[in-house]
Amino acid sequence: MTKKLTILFSFLFVLNGIAQDNYLGDGPHSQLIIRGVTLINGDGSPPRGPMDIIVENNKIVNMQIVGYDGVPIDESKRPKLKAGGKELDANGMYLLPGFIDMHTHVGGEAQGANSEYVFKLWMAHGITTIREVGGRGLDWSMDMKKKSNSHKIVAPRIFTNTFFGQGSKKPISTPEMAREWVRQNAKGGADGIKFFGAEPKIMTAAIDENKKLGLRSTAHHAQLSVARWNVLHSARAGMTSMEHWYGLPEALFNDRTVQHYPLDYNYQNEQHRFEQAGRLWKQAAKPYSEHWNNVMNELLELDFTLDPTFNIYEASRDLQRARRAEWHEDYTLPSLWKFYEPSKISHGSYWHYWGTEQEVEWKNNYKLWMTFINEYKNRGGRVTVGTDSGFIYQLYGFAYPRELELLREAGFHPLEVIRAATLNGAEALGWDDKIGSVQIGKLADFVIVEENPLMNLKVLYGTGAIKLTEDNEVVRVGGVKYTIKDGVIYDAKRLLADVKAMVDKEKAKTNWELKQPGIKN
Ligand SMILES: [Zn+2]
């Protein structure tokens, strides 16, 4: 008996050792004082500091200005640490609300990425909240959510949006079945639904039922259903947000009702699918034309959230950039690299023959798309930050600063970029009374970085930004220093080191080295 138990325990210990590094951060603390930061809040206000931020358990209780730019701080006037409290010296650093990634998939078998790898990459990039938009199923997601909430794993806070119909024994073919599935989804604890499109009467019933239950929903308006159900139909039916951009050009058609498909097009051929998608925005109404304005204004009136996920299509306009991103060598798993390589089977690996013509079409596609997104923001619309990583050479975590850079490219001021990443996400989740900005009474979710990210968003990449010193020495600056979630402090660089160790271990197993597609020796 004793011997059996010993064996069992050592087995569990080994399993645990494989599954998870035992670093679980520092906290929560009865009191936490973060000293001397410049606050870049998510509400659009300009940077302000030095400031001491005081957290008790997991609530922000005070934010106190302690001096003036460039003037030594009068220590006697700073808030005092209580017995048992924790002080975090962040003098001269920048503090932002925890980042929200509105479009994530923890990763499936195809990617061969386990949840610890994915979660740590996110947390290392300051992502304290994610909206899962479908993946391994509701039960799995709820289990992760519980573990994350109780700090048993290193992971962001999870909002679960189940794929519509996932887990149903039969394909959903009637409005009644749709309503029943929606009720079960809510009962199971989901926060909402992610649609790809369905028959209009099924979409109507499902969105209606979901809305009655007070849940939120979003859609990737897949090409298969978009001729009869585009973004406007969704917004009118009560959907609360949309992903990517599909379904938006279709709502903007003036002189056609379907995309100009070549006659030998096959949706199952992803080069066809993505190549033709790159020609879609130019088939829509021109920016600032009457139809374009009307569609935009109606979406604004319906308080519809746009989650563009610019980064996930970036390889379409510059394959080499995405493929050669410097972090792949150290942080991309061999299985992911395999998944990314050109393939007729893997989703998002549509590089049958991807060249200059395809990239130029996509560059022009982006200009029209970005014009819509930026103007939507200017008219008061809510735009959020989502990454959709794990496909198309976009790596978990690293994709997030890239998405911020692309919003900047679209015309957002860096403060508007940060607001999209924080408060806008919180609003879209219905959690803006708890997260999304640094305010008294909100939860203690923060990103702390040594450099000013407004001046260069690249300092938010785990690999940092390149800089030349006064002495002509090349250095790296930035990379998130601390990610704080629910009052627990995580050393972001330690999390990244854990990820690299996981990748090194996988490489060692098979003597694997990263090679570019088609290179044989
Ligand atoms: Zn996705």
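Above: the structure in question.
Let me begin by describing the structure that accompanies this report. (Residues numbered from 1 in each chain as written. Predicted model: local features only at pLDDT ≥ 70, side-chain atom pairs only at ≥ 80, totals over all residues. Heavy atoms only, no water.)

1. Concerning helix α16 (residues 414-421)
Phase 1 of the analysis: Within α16, six of the eight residues are buried, which leaves it mostly tucked inside the rest of the structure.
Phase 2 of the analysis: Among all positions of α16, only P414, L415, V417, I418, A420 and A421 are buried.
Phase 3 of the analysis: The inward-facing, buried residues of α16 contact β5 (94-97), β6 (99-104), α15 (399-410) and α17 (423-429). (Buried < 20%, exposed > 50% of the residue type's maximum accessible area, 1.4 Å probe, protein only. Helix = DSSP H or I, 4+ residues; strand = E, 2+ residues; numbered from the N terminus. Contact = heavy atoms within 4.5 Å.)

2. Regarding empty space enclosed by the protein
Phase 1 of the analysis: In total, this model carries one cavity of 30 Å³ or more according to the counting rule given.
Phase 2 of the analysis: What the largest cavity holds in volume is close to 50 Å³.
Phase 3 of the analysis: Lining the largest cavity, in full, are E132, G134, G135, R136, G137, L138, S141, T160, N161, T162 and Q166.
Phase 4 of the analysis: Elements supplying a minimum of two residues to the lining of the largest cavity: α3 (138-149) and β8 (157-163).
Phase 5 of the analysis: Examining the composition of the lining of the largest cavity, we find that three residues originate from one element, β8, more than from any other.
Phase 6 of the analysis: Its residues placed into classes, the lining of the largest cavity shows one nonpolar, eight polar and two charged. (1 Å grid on protein atoms, 1.4 Å probe; cavity = no way out; pocket = protein on both sides within 12 Å on 5 of 7 lines; lining within 4 Å. Points joined across faces, edges and corners; volume = space filled by probe spheres on them. Nonpolar A, V, L, I, M, F, W, Y, C, P; charged D, E, K, R; others polar.)

3. A word on helix α9 (residues 290-301)
Phase 1 of the analysis: Relative to the 16 Å expected for 12 residues at 1.5 Å per residue, α9 spans 16 Å between its end C-alpha atoms, a close match to the ideal helical length.
Phase 2 of the analysis: Residues of α9 that are buried include every one of W292, N293, V295, M296, L299 and L300, and no others. Buried residues along α9 cover an arc of 165° about the axis, so they all sit on one side. In α9, the exposed residues that point more than 90 degrees away from the buried face are E290 and E301. (Expected span 1.5 Å × (residues − 1). Arc of directions from axis to C-beta.)

4. Quick notes on the layout of surface pockets
Phase 1 of the analysis: Roughly 540 Å³ of internal volume is contained in the largest pocket.
Phase 2 of the analysis: Residue lining of the largest pocket: 26 residues in total, with H105, F196, H220, H347 and F391 positioned closest to the centre.
Phase 3 of the analysis: No other element matches helix α8 (residues 270-277), which puts three residues into the lining of the largest pocket.

5. Section: the coordination of the zinc ion
Around a metal, the perfect tetrahedron of four donors has angles of 109.5 degrees, and the perfect octahedron of six donors has angles of 90 or 180 degrees.
Phase 1 of the analysis: Only H103 (NE2), H105 (NE2) and D388 (OD) from the protein coordinate the zinc ion, and they sit 2.0 to 2.3 Å from it.
Phase 2 of the analysis: Mapping the donors of the zinc ion onto the primary sequence gives the spacing H-x1-H-x282-D. Assigned by exposure class, H103 and H105 land together as buried. (Donors = N, O, S within 2.8 Å, 3.2 Å for Na, K, Ca; no water.)

6. Examining the side chain of N293
Phase 1 of the analysis: Structurally, N293 can be placed in helix α9.
Phase 2 of the analysis: Under the relative-accessibility criterion, N293 is labelled buried at 19%.
Phase 3 of the analysis: Apart from the residues lying within four places of it in its own chain, the contact partners of N293 are Y288 and R379.

7. Some thoughts on the nonpolar core
Phase 1 of the analysis: Core analysis: the largest hydrophobic core is formed by 122 residues, its most contacted members being Y117, F164, L299, F372 and L395.
Phase 2 of the analysis: One finds V37, L88, L95 and I448 within the second-largest nonpolar core, a separate group that totals 19 residues. (Core = buried A, V, L, I, M, F, W, Y, C linked by side-chain atoms within 4.5 Å.)

8. With respect to the sheet that holds strand β9 (residues 192-195)
Phase 1 of the analysis: The five strands lie next to each other as β6-β7-β8-β9-β10, forming an open sheet whose pairing is parallel. Each edge of the open sheet is held by one strand with a lone partner, namely β6 and β10 (216-219). The mean inter-strand angle of the sheet, taken between neighbouring strand axes irrespective of direction, is 25°.
Phase 2 of the analysis: Pairing between β9 and β10: four bridges, direction parallel. Bridge pairing in β10 links G192 to R216. (Pairing = 2+ DSSP bridges. Axes fitted to C-alpha atoms, helices over the stretch in contact; angles between N-to-C directions.)

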